[in-house]
Amino acid sequence: MGNCDWIPSIEPFRKKFQETSLDEVDGPSTSMSWPNHAPKHIISDVVYGSVKVPSPIDKIIDTVEFQRLRNLKQTGLVYRVYPNCEHSRFVHSLGTFSLAHNLVDKLRHNQPSLDITSADHCCVSVAALLHDVGHGPFSHLFDGEYAKRSGRSFKHEEMSVKTIHKIMQKGEIRKFFEPILGRGTEYDENVHFITELISMKPFEFQQIVNFSSISEGEREETVAKEWKSLVTGRGPEKSFLYDIVSNSDNGHDVDKMDYLLRDSKASGFAIGFSETSLARLFDHVRVVIDPNTGLRRIGYSLKCTGEIKSIGDSRQELHSKVYQHRAVRFIETLMVDALFEAGPLLKYEGSNGRMYSLGEVTEDIEAYLKTSDFVEQEILNSSSTDPRMIKAKSLLVKIQRREIGSKLGCFEMSPTNATQANGIDNNEMGVSEVEKKVAIKMKEILKEIDDNKGLGGKLTNVNFRVMHSVLGRGLDEKTHPIEKQIFYEGKPKDNDGVPMMGCYVDEDYVLNNCPRMATKWEIFVMGDRSLKEEENADLACYIKQALRLAGESEKFLTPRKRSPPLDEMPDPTCSVAAKRRLFSDAR
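Residues numbered from 1 in each chain as written. Predicted model: local features only at pLDDT ≥ 70, side-chain atom pairs only at ≥ 80, totals over all residues. Heavy atoms only, no water.

Scanning the protein chain from N- to C-terminus turns up 22 helices and 10 strands. Residues classed as buried in the protein chain amount to 53% of the 587 residues present. As presented, the protein chain carries roughly 27,700 Å² of accessible surface, and 49% of it is formed by carbon and sulfur atoms. (Helix = DSSP H or I, 4+ residues; strand = E, 2+ residues; numbered from the N terminus. Buried < 20%, exposed > 50% of the residue type's maximum accessible area, 1.4 Å probe, protein only. Areas by Shrake-Rupley, 256 points an atom, 1.4 Å probe, with all protein chains shown as cover.)

Here is the structure:
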């Protein structure tokens, strides 16, 4: 037994293994179970404690395209008002990924009959991770006000789709994801599905089809036809997957859940939606049948109506107090002016060595991905003597020195009031029209006051800017998001392999718990800080009164019985400064 010559050499087996293709080792292209082992990384997170990153998700995180998100602040210029809001799109994307991954994991465990595959799970997770990878400098400012000012129209979702294709077609990325997503055409189809999860609006046809007026057979035929014409990534049996990352139907997606919690924590502004709300929703999430279309959708227990309602309400709260804070909005206008002035002078190399200006970078994904929030420092560090660059620098210095003006007055209005004035629509363009009309009317009113009071042009020469904020809950002006959410009654059950029939909240709940208008507009006027000084108190008061009268005159506001005539304005006690002055005089 001491002689071991009988043991065969392992060399033939090693050679055979080396010659074996990946297909032979892993079997069918999408048969690999995912995730199939402990997480590759565990990242500390201020909201959830930790984010577990399985392989090969880490390969995407390590790409230059994803690492760029470290240089994009999640809340744009909000940090200029709320200093702790300096968290990046990078950490938000990790948080959104974690929620999506865990949600699909719960569904796979609780409802195995849904046949959620490893490819499905992976695609949703990647979509969540990369949903914001196409953002430009200062986030929504770049594809919003700056794009309008530059005469261009694009959305960051379009750039995200291009960037996702760029990342997923990298050789090293394909190598690690093909065992899960398949090879060749199958891989490309799954990548397309990933882009659909963040850019597609697959349930829009529900707005144009009255399902209550057609038979069940016609309904099934209509839904199948509409789905096939809109969606190619997955069939209607997997329709619920489109509710998870970017839900255009009701807005209750993991993207919103993460940014509400993260931005609330960073700003220190408390909202109704909380970590407890999130945990309760995840404990009671199920896939249910939409009673209108028969499609499978993400649903929650009726016990969770309060938590669901808080999502839309919290969005409006954060927009009112944080995202569209008056100082933030004013700083944004200065930044847009600076970018517009310096934009033609800032160059970024794109494909084939061609250089693109800041306003042109959306034409080339290579050039676009070279932009970030560092564009502000590029302007400040520039040695150019071009007058446009000098002006851009001066605007950024104003931001740094907090020379941003002060709020002199504001009013809130319902978007429905806009329709009373020459057919203004209830949309973003509509509120811009309201802003313009109010500004024009205010100048007329202030001139009349100046003439009546003999102020010698003080009011006609004063500088002010009328601005607006749109404070919505995520859908249109009248619809509260909870009206579009599907719920289920009783204890969840999936014994027969068929999801439960869902339901919507009844009209009484909406009537008793939701505002008549889900969106409100705020019109406010910003002026020089000197107008807040005691000696200018009367001028500030005139401007405030003129704003109110302009709103009433244009029928955006219901006239107040106590609104004084022009020749009686202003009331000398209309401001704290004026009251203080009168009190001092009396003494």
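Alright, that's what it looks like, and here's the rest.
So, on to the side chain of Gln-316. Positionally, Gln-316 belongs in helix α14 (residues 305-323). Beyond its immediate stretch of four places on either side in the chain, Gln-316 contacts Leu-471, Gly-472, Arg-473, Ala-518, Thr-519 and Lys-520. (Contact = heavy atoms within 4.5 Å.)

Let's shift gears to a negative patch on the surface. The grouping of Asp-528, Glu-533, Glu-534 and Glu-535 at the surface amounts to a negative patch. You can see Glu-533 is positioned in the loop between β10 (520-527) and α21 (537-553). For Glu-533, a relative accessible area of 40% puts it in the partly exposed group. (Patch = residues over 30% accessible without salt bridge, like charges linked within 9 Å, V, L, I, M, F, W, Y side chains within 5 Å. Salt bridge = Lys/Arg side-chain N within 4 Å of Asp/Glu carboxyl O. Lys, Arg positive; Asp, Glu negative; His and termini not counted. Charge placed at Lys NZ, Arg CZ, Asp CG, Glu CD.)

Our focus in this paragraph is the pattern of salt bridges. Counting across every chain of the model gives 34 salt bridges. Between Glu-376 and Arg-80 there is a salt bridge; the shortest N-O distance is 2.6 Å. Separated by 296 residues along the polypeptide, Glu-376 in helix α17 (residues 375-381) and Arg-80 in the loop between α4 (64-67) and α5 (89-110) bring together distant segments of the chain. A salt bridge links Lys-148 to Glu-145; its shortest N-O distance comes to 3.7 Å.

With that settled, the discussion passes to the pairing of strand β8 (residues 464-471). Remark: a regular strand shows side chains that alternate across the two faces of the sheet. Of all the eight residues making up β8, six are buried; the element is thus mostly covered by neighbouring parts of the structure. By the bridge criterion, eight bridges tie β8 to β10 in an arrangement that is antiparallel. Considered in β10, the bridge of Arg-465 is made with Met-526. (Pairing = 2+ DSSP bridges.)

Turning next to the environment of Leu-369. Note on placement: Leu-369 falls in the loop between α16 (365-368) and α17. Given a relative accessible area of 14%, Leu-369 falls into the buried group. Sequence separation between Leu-369 and Gly-350 is 19 residues; the distance between their C-alpha atoms is 9.0 Å.

A separate point is helix α12 (residues 254-267). If you check α12, its first and last C-alpha atoms are 20 Å apart, about what 14 residues at 1.5 Å a residue would give, namely 20 Å. Just downstream of α12, Gly-268 is the residue with a positive phi angle, here 80 degrees. (Expected span 1.5 Å × (residues − 1).)

Okay, the packing of aromatic side chains next. Scanning all chains against the criterion turns up 10 aromatic pairs. Ring geometry for Trp-227 and Tyr-242: centres 5.5 Å apart, planes at 85 degrees, overall edge-to-face. Note that Trp-227 is positioned in helix α11 (residues 216-230) and Tyr-242 in the loop between α11 and α12, a separation of 15 residues in sequence. Each member of the pair, Trp-227 as well as Tyr-242, is classed as buried. These aromatic residues form a ring-pair network of at least three members: Phe-142, Tyr-146, Phe-154 and Tyr-368. In this structure, Lys-73 is placed above the aromatic ring of Tyr-79, and the distance from its NZ or CZ to the ring centre is 4.6 Å. (Phe/Tyr/Trp six-rings, centres within 6.5 Å; stacked < 30°, edge-to-face > 60°. Lys NZ or Arg CZ within 6 Å of the ring centre and 35° of its normal.)

It is worth spelling out the nonpolar core at this point. Inside soluble globular proteins, nonpolar side chains tend to come together where they are buried. Counting residues in each nonpolar core, the largest one holds 88 residues, and the members touching the most others are Met-168, Phe-177 and Ile-244. Per-element tally for this core: the top contributor is helix α6 (residues 118-130), with nine residues. If you look at the next biggest cluster of nonpolar residues, it comprises 38 residues, including Tyr-79, Phe-138, Ala-338 and Ile-365. (Core = buried A, V, L, I, M, F, W, Y, C linked by side-chain atoms within 4.5 Å.)

Now for the sheet that holds β10. The strand order across the open sheet built from three strands is β7-β10-β8, with neighbouring strands paired in antiparallel fashion. The open sheet has two edge strands, β7 (406-413) and β8, and neither has a second partner. Going from strand to strand, the sheet's axes swing by 20 degrees on average, the running direction of each strand aside. Where β7 and β10 come together, seven bridges link them in antiparallel fashion. (Axes fitted to C-alpha atoms, helices over the stretch in contact; angles between N-to-C directions.)

Strand order across the open sheet formed by three strands is β3-β4-β9, with mixed pairing between neighbours. One side of each edge strand has no neighbouring strand; the edge strands of this open sheet are β3 (285-289) and β9 (486-488). Neighbouring strand axes in the sheet, compared pairwise and without regard to direction, differ in orientation by 55 degrees on average. In terms of strand pairing, strand β4 (residues 296-301) meets β9 through three bridges, oriented parallel. Within β9, the residue paired with Gly-299 across the bridge is Ile-486.

The subject of this paragraph is unusual backbone geometry. Most peptide bonds take the trans form, and the phi angle of most residues other than glycine is negative. A cis amide bond links Trp-34 with the next residue in sequence, Pro-35, at an omega value of -10 degrees. Note on placement: Pro-35 falls in the loop between α2 (22-26) and β1 (41-45). Looking along the chain, the bond that leaves Ser-55 and enters Pro-56 is cis, with omega of 5 degrees. Relative to the elements of secondary structure, Pro-56 occurs in the loop between β2 (49-53) and α3 (57-61). Of note, the phi angle at Asp-115 is positive, near 55 degrees, even though the residue is not glycine. Mapped onto the elements, Asp-115 comes out in the loop between α5 and α6. For Ser-139, which is not glycine, the phi torsion reads 55 degrees and is therefore positive. By the element assignment, Ser-139 lies in the loop between α6 and α7 (140-149). In this structure Ser-139 comes out as buried when scored by relative accessible area, which is 2%.

Right, let's get into the confidence of the model for the protein chain. The predicted coordinates ought not to be read in detail in places where the model reports low pLDDT. Predicted confidence across the protein chain gives a mean pLDDT of 89, with 88% of residues reaching 70 or more. Confidence drops under pLDDT 50 across residues 1-30; counting only partners more than four residues distant or on other chains, this segment forms 19 contacts. (pLDDT = per-residue confidence, 0-100.)

On to the pairing of β1. Summarising the sheet, β1 and β2 pair through five bridges and their orientation is antiparallel. Bridging from a neighbouring strand, Ser-44 pairs with Ser-50 of β2. The turn joining β1 and β2, which pair antiparallel and follow one another in sequence, is formed by three residues.

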